[in-house]
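# Coordinate analysis (summary)
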Amino acid sequence: MATRVKKKRYVLISTGGTIEKTYNALSGLLDNHVSVLDVMLSQLELRGIELTRIQLMNKDSLEMSDRDHQLIAFTVESLLESHDGAVVVHGTDTLERSGDCCFQKVLSPSGPIVFTGAMRPYELRSSDALQNLTEALLAVQLLPPGVYVSMHNRLIEFPGVVKDRMRGTFV
């Protein structure tokens, strides 16, 4: 008799940021009006897991307040009660603030919390968005509980994550 393996449950929390920016033909600007994460997810084979998608906000991270960073931490903490891990899609300009907030507020996470984003919007031809999202979705399945950033083929654990603006990545 075959035993049925229970699927692991993960949550993908989107907050906006460069990864989700789309071109607005009326203004001629890239901005956060609609999410492109569903389009990105449709390109991936996500077998063996159950993924819940939560759109918490859709902001450029430079527009985030301290309350927004705390809301992200509170949301992650509450969703980890029913999920095995969380991926937070976030703008890179203040990703480290939200990651630090999660590290400070979610004292004993029951699973990994993995932040990711992109330096260039998904809609651009040479974007790092799909690679970073794919890596974060794999990382959340493999890492022990803690708070991390997954970008550009690297994993870095909080605290101490810093955006290196000259190199366009996190260190």
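For the structure, see preceding data.
Residues numbered from 1 in each chain as written. Predicted model: local features only at pLDDT ≥ 70, side-chain atom pairs only at ≥ 80, totals over all residues. Heavy atoms only, no water.

### Things to note about the pattern of salt bridges
- In this structure the tally under the stated criterion is eight salt bridges.
- Glu 50 is the salt-bridge partner of Arg 9, the closest N and O atoms lying 3.2 Å from each other. With a gap of 41 residues between them, Arg 9 in strand 1 (residues 8-16) and Glu 50 in strand 4 (residues 49-59) connect regions that are remote in the sequence.
- Since its relative accessible area comes to 35%, Glu 50 is described here as partly exposed.
- In the salt-bridge network here, residues are joined through shared partners; they are Asp 93, Lys 163 and Arg 165. (Salt bridge = Lys/Arg side-chain N within 4 Å of Asp/Glu carboxyl O. Helix = DSSP H or I, 4+ residues; strand = E, 2+ residues; numbered from the N terminus. Buried < 20%, exposed > 50% of the residue type's maximum accessible area, 1.4 Å probe, protein only.)

### Some remarks on the sheet that holds strand 1
- Taking strand neighbours across the sheet as the criterion, the six strands line up as 4-1-5-6-7-8 in an open arrangement whose pairing is mixed. Edge strands, defined here as strands with exactly one partner in the open sheet, are strand 4 and strand 8 (154-157). When the angles between neighbouring strand axes are averaged without regard to direction, this sheet yields 20 degrees.
- Strand contacts of helix 2 (residues 66-79): strand 1, strand 4, strand 5 (85-89) and strand 6 (112-116), with the helix running at about 165 degrees to strand 4, the strand carrying the most contacts.
- Across the sheet, helix 3 (residues 95-105) lies against strand 6 and strand 7 (146-151), angled at about 170 degrees from strand 6, the strand it touches most. (Pairing = 2+ DSSP bridges. Axes fitted to C-alpha atoms, helices over the stretch in contact; angles between N-to-C directions. Contact = heavy atoms within 4.5 Å.)

### Brief notes about the side chain of Thr 15
- Of note, Thr 15 is situated in strand 1.
- Looking at Thr 15, the relative accessible area reads 0%, which means it is buried.
- Of the polar contacts made by the side chain of Thr 15, one reaches the backbone oxygen of Val 89; its length is 2.7 Å. (Polar contact = N/O pair within 3.5 Å; in protein donor to acceptor, adjacent residues only side chain to side chain.)

### Things to note about the nonpolar core
- The biggest cluster of nonpolar side chains holds 24 residues, and the ones touching the most others in it are Ile 72, Val 76, Ile 113, Phe 115 and Val 149.
- At the level of secondary structure, the elements contributing two or more residues to this core comprise strand 1, helix 2, strand 5, helix 3, strand 6 and strand 7.
- Per element, the largest residue contribution to this core is four residues, and it comes from helix 2.
- Listed in part, the 22 residues of the second largest apolar core include Val 36, Ile 49, Tyr 122 and Ala 139. (Core = buried A, V, L, I, M, F, W, Y, C linked by side-chain atoms within 4.5 Å.)

### What to know about the pairing of strand 7
- The buried fraction of strand 7 is high, at six of six residues.
- Residues Gly 146, Tyr 148 and Ser 150 of strand 7 are buried on one face, and the alternating residues Val 147, Val 149 and Met 151, pointing to the opposite face, are buried as well.
- In terms of strand pairing, strand 6 meets strand 7 through four bridges, oriented parallel. For Val 114, the partnering residue across the bridge sits in strand 7 and is Tyr 148.
- Where strand 7 lies against strand 8, four bridges are found, and the strand directions are antiparallel. By the bridge assignment, Val 149 is partnered in strand 8 with Ile 156.
- The hairpin turn running from strand 7 into strand 8, its antiparallel successor, is two residues long, and His 152 in that turn takes a positive phi close to 55 degrees.

That is the geometry; function is a separate question.
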